[in-house]
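Geometric and topological summary
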Amino acid sequence: MAHVACASHEIRAFTGGLDGFDVPAADVRGLLAELERRFPGLGAHVEQRMAIAIDGEIHQDALAALLAPDSEVVLIPRIAGG
Amino acid sequence: MNDPGATKATVASNDTRTDPPLKVVGQRPIRPDGADKVTGRANFGADLHLPGMLTGRIKRSPHAHARLLGIDTRAARALPGVKAIVTAADFAAVGSEAVEQGEAAATLSHVSWNCLARGKVLYVGHAVAAVAATSPEIADEAVRLIEVRYQVLPHVIDVEAAMAPDAPLLHDDLFTAGVTPRPAAPSNVAAKTVIGRGDPAIGFAAADVVLERRYVTAAVHQGYIEPHACVASAGADGQHHIWCSSQGHFAVRAMCAKILGLRLQDIRVTPAEIGGGFGGKTTVYLEPVALALSRQCGRPVRIVMSRDEVFQASGPTSASVIDVRLGATKDGRLTAAELTLKYQAGAFPGSSVGAGCMTALACYTVENVSITGYDVVSNRAKVAAYRAPGAPMVAFAVESCLDELAQALGVDPIDLRITNAVTPGVKAVYGATFREIALIDTLQAIKAHPHYRAPLGPHQGRGVACGFWFNIGGESSAAVHVDADGGATVVSSNPDIGGSRASMAMMAAETLGLPIERVRATIADTTSIGYSDLTGGSRVTFATGMAVVQAAQKVVDDLRRRAALTWDCPIEQVAWRDAAAVCTDPAKDAKPLSIGELAGRAARTGGPISAEVSLNAQGAGPGFGVHVCDVEVDPETGRTTVLRYTAAQDVGRAIHPSYVEGQVQGGVAQGIGWALNEAYLYDAAGALQNPGFLDYRVPVASDLPMIDTILVETAPNKRHPYGAKGVGEVPIVPPLAAVANAVSHAIGVRLTELPLSPPRVLAAIEGRSDSA
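1. A few points about the overall build of chain B
- Across its full length, chain B carries 20 helices and 29 strands.
- Computed over C-alpha atoms, the radius of gyration of chain B comes to 27 Å, within 12% of the 28 Å expected from 2.2 N^0.38 for 772 residues, which places it in the range of a compact globule.
- Judged by the C-alpha coordinates and their principal axes, chain B covers about 85 × 75 × 50 Å.
- Within chain B, contacts between residues at least 6 apart in sequence are counted, and of these 79% link residues at least 24 apart.
- Per element, the accessible surface of chain B, about 27,400 Å² overall, is 52% carbon and sulfur.
- The centroid of the 68 positive side-chain charges in chain B is displaced by 4 Å from the centroid of its 75 negative side-chain charges.

Below, the structure written as structure tokens:
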């Protein structure tokens with residue numbers, strides 16, 4: 001199971017205060033679906049407004065990115081730049 | 001040091017050399033856009049002339065905050081030569097969907113409202129109407145004849161004043177996001193961001209030294225030389241064309257389409273050469289207005305902002321107030337950090353405070369952290385992204401506090417940073433785990449540089465600072481076409497604001513095996529290449545470069561296939577070396593087929609040789625910078641002269657080192673301006689007092705020493721075929737603190753508010769609290 005964590009508090013409104021939890025998912029698509037199922041609104045929020053660091057590497061809009069069974073998944077605010 | 005002959009150095013380790021050695025990447029070919037730019041041939045946003053073209057002008061608000069009671073355009077419309085007048089009523093009703101415009105986030109409704117005010121004006125200079133006329137003089141007169149009735153409202157400029165409970169309210173539907181439960185009343189605080197880990201109370205309890213300081217920075221403009229400019233031409237058949245200078249013509253197309261209720265494929269946007277953007281050209285101000293005018297009258301319309309308009313109504317970046325509390329042990333190890341960031345967003349939500357929070361401590365391994373950020377609206381122009389948006393201000397705060405910490409502990413400031421620096425495998429405060437990074441090498445490069453040991457004279461001081469930026473990937477498209485003579489053309493979709501045509505051509509040449517002289521790169525309009533995200537986030541060499549390399553690799557595979565067809569052998573027996581197909585089957589007496597020979601007979605082997613790749617690049621590598629600055633302060637006037645400046649940067653691998661060095665030097669120059677001179681100054685009525693380069697003082701060449709650069713290439717990005725990381729944003733992050741630390745050491749007084757103008761520095765020397 002991938003371990004999901006978030007350094008910012010922005011997911012707490014969806015998770016009831018949880019900052020970390022385990023999610024069974026093989027890829028980002030599955031991760032988002034499971035987040036939405038467990039915490040309604042969070043999957044859509046992450047898809048639209050957040051980036052996902054998988055084992056340290058930051059992904060944005062990458063539904064097909066794979067998760068290993070022991071992947072560390074960190075939800076972080078979406079990054080742009082100037 | 002600091003002479004032109006000693007400005008370039010590269011740090012690389014043996015294990016990062018490539019095998020086989022690269023032939024084009026890493027070289028310094030002549031820039032492809034240079035001759036046109038220095039001879040005046042380059043076509044910028046204002047340079048296009050079309051038959052029958054009209055001049056567009058904008059009517060702007062004289063009030064910082066007012067309700068729009070009515071706009072009477074009758075007298076203006078009656079003026080001979082006036083062909084069109086538009087207001088917000090000519091725009092489509094749009095929703096609150098987010099739009100891409102760099103780190104300064106925005107919703108579509110706010111972008112539309114910013115282009116032409118609807119209901120209220122929110123800052124002096126806010127556009128309320130636009131005219132198109134047959135001459136500039138008639139357009140100016142028409143603007144004067146438009147009568148606007150206002151109900152003037154109280155206004156608020158400064159960020160903390162805007163946060164006060166009794167502050168004038170800009171938006172009565174703005175409830176602070178990020179707060180649970182939702183606030184009962186609206187406020188000017190658009191969002192609250194909180195990130196952290198560990199327990200700061202435990203960390204501070206373990207500290208031997210705790211410092212607590214407040215830092216203030218002024219709003220500064222991106223300062224691009226070229227004003228915003230565009231030409232829009234609406235076709236009678238519903239096909240429209242826009243020519244403009246921007247950091248993303250696909251984004252311009254998308255925003256214009258939505259604001260005007262058009263379909264994407266009915267608008268074609270052609271990118272002009274761009275005279276600087278730095279994040280400030282990631283949104284639209286003029287393009288939807290010009291197109292609305294053109295649609296009304298059926299003639300092309302050109303609008304060019306004056307310099308006053310650029311300052312009043314575009315950009316800038318946020319002013320900020322940042323509180324920092326740091327704790328450390330006697331040996332210099334950070335134990336805790338608490339930060340509060342208040343960033344002014346301008347008239348609409350969307351400052352870069354989120355990025356400020358994430359970058360604040362990204363250079364360091366501190367385990368107990370709490371960072372809170374506030375995004376605050378006030379009656380100023382909506383902020384736009386500016387190079388590493390949000391990071392320079394908070395780096396000024398953290399790196400200044402670290403400098404004091406080093407003094408308090410009696411340790412070398414570089415050593416203090418080395419003690420706490422992040423390394424591969426360390427989890428950043430913002431959550432991601434670092435992979436290929438070289439902050440320690442970058443710190444060591446500065447420590448080993450002769451600059452760091454150069455003696456200082458009276459009234460001189462030295463400052464150091466670190467900086468970080470994420471860099472991003474994203475969507476990009478590129479095509480490679482092989483010409484019949486064996487050369488190649490690279491077509492990509494990102495406006496070239498930092499030398500991307502050179503780096504795209506070089507990566508294609510490297511992959512194809514061609515000399516760089518045989519590859520040309522161009523930027524296509526929105527109908528001629530696949531979609532790309534903005535040129536921003538230091539993404540283009542990384543992401544669009546990946547598309548170019550993949551397209552070139554497809555071309556190589558196609559050339560090998562054609563050679564195999566010619567030789568009647570399996571493709572596996574065809575290698576590609578030095579721009580030629582080589583048959584590896586010793587049984588065949590086949591001479592190599594050059595790319596020119598294969599291209600010359602392309603019709604017989606399948607037709608034109610080209611490939612296009614569109615991708616969404618992931619895995620951008622972050623960058624770090626370490627800067628050292630020496631200054632001298634005139635004790636009688638408070639004027640600061642920068643004597644020496646050396647900037648080292650973790651760049652992955654430099655595709656074109658001269659461009660990378662130029663990016664570093666440019667970022668430093670802008671950062672020095674931010675530190676020493678630049679500031680938006682408002683009067684009591686909320687009007688900007690210095691909307692021009694005479695009174696808004698950016699550094700010019702004679703203000704600056706030669707800026708030494710050190711490119712650290714010990715950690716190439718493994719996700720990029722040639723190891724590239726983004727490089728354009730990191731170098732503006734450290735200078736604010738590096739300069740301020742140097743000035744503080746020179747005068748023996750800690751300075752915590754920017755800019756370090758002569759009156760402010762003189763007041764500090766004389767022990768007065770007044771500032772300027």
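2. A short note on the pattern of salt bridges
Residue and element names in this part refer to chain B.
- Counted under the stated rule, the structure contains 43 salt bridges over all chains.
- Residue Glu-309 pairs with Arg-60 through a salt bridge whose shortest N-O separation is 2.8 Å. Of this pair, Glu-309 sits in helix α9 (residues 307-313) while Arg-60 sits in strand β2 (residues 54-60), and the two are 249 residues apart along the sequence. Per residue, the accessibility class of Glu-309 equals that of Arg-60, and both read buried.
- A salt bridge links Glu-753 to Arg-760, with the nearest nitrogen and oxygen atoms 3.3 Å apart.
- Through salt bridges with shared partners, a single ionic network connects Arg-31, Asp-33, Lys-37, Glu-273, Asp-496 and Arg-501.

3. Focus on helix α8 (residues 287-297) of chain B
- Counting buried positions over the 11 residues of α8 of chain B gives 8, a clear majority of the element.
- Looking one or two places after α8 of chain B, you find Gly-298 of chain B, whose phi comes out positive at around 75°.

4. Points about the nonpolar core
All names here are of chain B.
- By size, the foremost hydrophobic cluster in this structure holds 114 residues, and its most contacted members are Leu-339, Leu-361, Ile-371, Tyr-430 and Tyr-645.
- When residues of this core are assigned to their parent elements, the largest contribution, 12 residues, is made by helix α11 (residues 391-409).
- With residues near it in sequence (within four places) discarded, Ile-371 still touches Thr-193, Val-194, Ile-195, Leu-339, Leu-341, Cys-357, Ala-360, Leu-361 and Val-429.
- One finds Ala-478, Met-504, Ala-599 and Ile-609 within the second-largest nonpolar core, a separate group that totals 52 residues.

5. Some remarks on the interface of chain A and chain B
- The partner chain B presents 31 residues to the 23 residues of chain A that form the contact.
- The contact between chain A and chain B buries some 2,000 Å² in all, and 54% of this surface belongs to carbon and sulfur atoms.
- Here Arg-435 of chain B and Glu-57 of chain A are joined by a salt bridge, their closest N and O atoms 3.5 Å apart.
- Where chain A packs against chain B, one counts 13 residue pairs in polar contact (both at pLDDT 80 or more).
- Put simply, the parts of the chain that give the side of chain A that touches chain B at least two residues each are β3 (50-54), β4 (57-59) and β5 (72-77) of chain A.
- When residues in the side of chain A that touches chain B are grouped by element, the largest group, 4 residues, is from β5 of chain A.
- Partitioning the side of chain A that touches chain B into residue classes produces 11 nonpolar, 7 polar and 5 charged.

6. As for the sheet that holds strand β9 (residues 147-152) of chain B
All names here are of chain B.
- The 3 strands lie next to each other as β7-β3-β9, forming an open sheet whose pairing is antiparallel. Pairing within the sheet leaves two strands with one partner each, and these edge strands are β7 (120-121) and β9.
- Note that strand β3 (residues 66-72) and β9 share 6 bridges and pair antiparallel. Pairing of Arg-67 across the sheet is with Gln-151, part of β9.

7. Some thoughts on the sheet that holds strand β29 (residues 707-712) of chain B
Residues and elements named next belong to chain B.
- Taking strand neighbours across the sheet as the criterion, the 5 strands line up as β1-β29-β28-β27-β19 in an open arrangement whose pairing is mixed. Sheet topology places β1 (8-11) and β19 (460-469) at the edges, where each strand pairs with a single neighbour. Within the sheet, the average angular offset between the axes of one strand and its neighbour, ignoring direction, is 15°.
- Lying over the sheet, helix α12 (residues 413-420) contacts β19 and β27 (623-633), oriented at roughly 20° with respect to β19.

8. Structural notes on the pairing of strand β16 (residues 320-328) of chain B
Residue and element names in this part refer to chain B.
- Counting buried positions along β16 yields 7 of 9 residues, so the element is predominantly enclosed.
- Note that β16 and strand β17 (residues 334-346) share 9 bridges and pair antiparallel. Within the sheet, the bridge partner assigned to Gly-327 lies in β17 and is Ala-336.
- Adjacent in sequence and paired antiparallel, β16 and β17 are bridged by 5 residues, among which Gly-332 carries a positive phi angle near 90°.

9. Concerning the packing of α11 of chain B against helix α19 (residues 735-747) of chain B
Residues and elements named next belong to chain B.
- It is the contact of α11 with α19, at a shortest axis distance of 8 Å, that shows an interaxial angle of 40°. Where α11 crosses over α19, the two elements pack in a sense that is right-handed. Contacts between α11 and α19 pair Pro-392, Met-393, Ala-395, Phe-396, Glu-399, Ser-400, Asp-403 and Gln-407 from the former with Leu-736, Ala-737, Ala-740, Asn-741 and His-745 from the latter.
- Partitioned by chemical class, the residues of the contact of α11 with α19 number 7 nonpolar, 4 polar and 2 charged.

10. Some details on the packing of aromatic side chains
All names here are of chain B.
- Summed over all chains, the structure comprises 18 aromatic pairs over all chains.
- Look at Phe-311 and Tyr-680: their rings are 6.3 Å apart centre to centre, the planes differ by 50°, and that puts the pair in the tilted class. Taken together, the residues span a long stretch of sequence, with Phe-311 in helix α9 and Tyr-680 in the loop between α18 (657-676) and β29 at a distance of 369 residues.
- Overall, the relative accessible area of 1% leaves Phe-311 in the buried class.
- Measuring from centroid to centroid gives 5.4 Å for Phe-311 and Phe-693, while their planes differ by 80°, and the two rings are edge-to-face. Here Phe-311, found in helix α9, pairs with Phe-693, found in the loop between α18 and β29; they are 382 residues apart in sequence, far enough to count as distant.
- You can call Phe-693 partly exposed: its relative accessible area is 28%.
- An aromatic cluster of three or more residues is present, and its members are Tyr-430, Phe-434, Phe-468, Trp-469, Phe-470 and Phe-624.
- Cation over ring: Arg-182 sits above Phe-175, and NZ or CZ is 3.8 Å from the ring centre.
- Positioned over the ring face of Phe-204 is Arg-325, at 4.0 Å from the centre of the ring.

11. Examining the side chain of His-720 of chain B
Residues and elements named next belong to chain B.
- Here His-720 lies in the loop between β29 and α19.
- Using a relative accessible area of 4% as the deciding quantity, one classes His-720 as buried.
- His-720 has contacts with Met-507, Thr-541, Phe-542, Gly-545, Met-546 and Ile-655, leaving out every residue within four places of it along the chain.

Basis of the calculations
Residues numbered from 1 in each chain as written. Chains lettered and ligands numbered in written order. Predicted model: local features only at pLDDT ≥ 70, side-chain atom pairs only at ≥ 80, totals over all residues. Heavy atoms only, no water. Helix = DSSP H or I, 4+ residues; strand = E, 2+ residues; numbered from the N terminus. Rg over C-alpha atoms; globule rule 2.2 N^0.38 Å. Contact = heavy atoms within 4.5 Å. Areas by Shrake-Rupley, 256 points an atom, 1.4 Å probe, with all protein chains shown as cover. Lys, Arg positive; Asp, Glu negative; His and termini not counted. Charge placed at Lys NZ, Arg CZ, Asp CG, Glu CD. Salt bridge = Lys/Arg side-chain N within 4 Å of Asp/Glu carboxyl O. Buried < 20%, exposed > 50% of the residue type's maximum accessible area, 1.4 Å probe, protein only. Core = buried A, V, L, I, M, F, W, Y, C linked by side-chain atoms within 4.5 Å. Buried area = accessible area lost by both parts, 1.4 Å probe. Polar contact = N/O pair within 3.5 Å; in protein donor to acceptor, adjacent residues only side chain to side chain. Nonpolar A, V, L, I, M, F, W, Y, C, P; charged D, E, K, R; others polar. Pairing = 2+ DSSP bridges. Axes fitted to C-alpha atoms, helices over the stretch in contact; angles between N-to-C directions. Left-handed = near helix turned anticlockwise from the far one by under 90°. Phe/Tyr/Trp six-rings, centres within 6.5 Å; stacked < 30°, edge-to-face > 60°. Lys NZ or Arg CZ within 6 Å of the ring centre and 35° of its normal.

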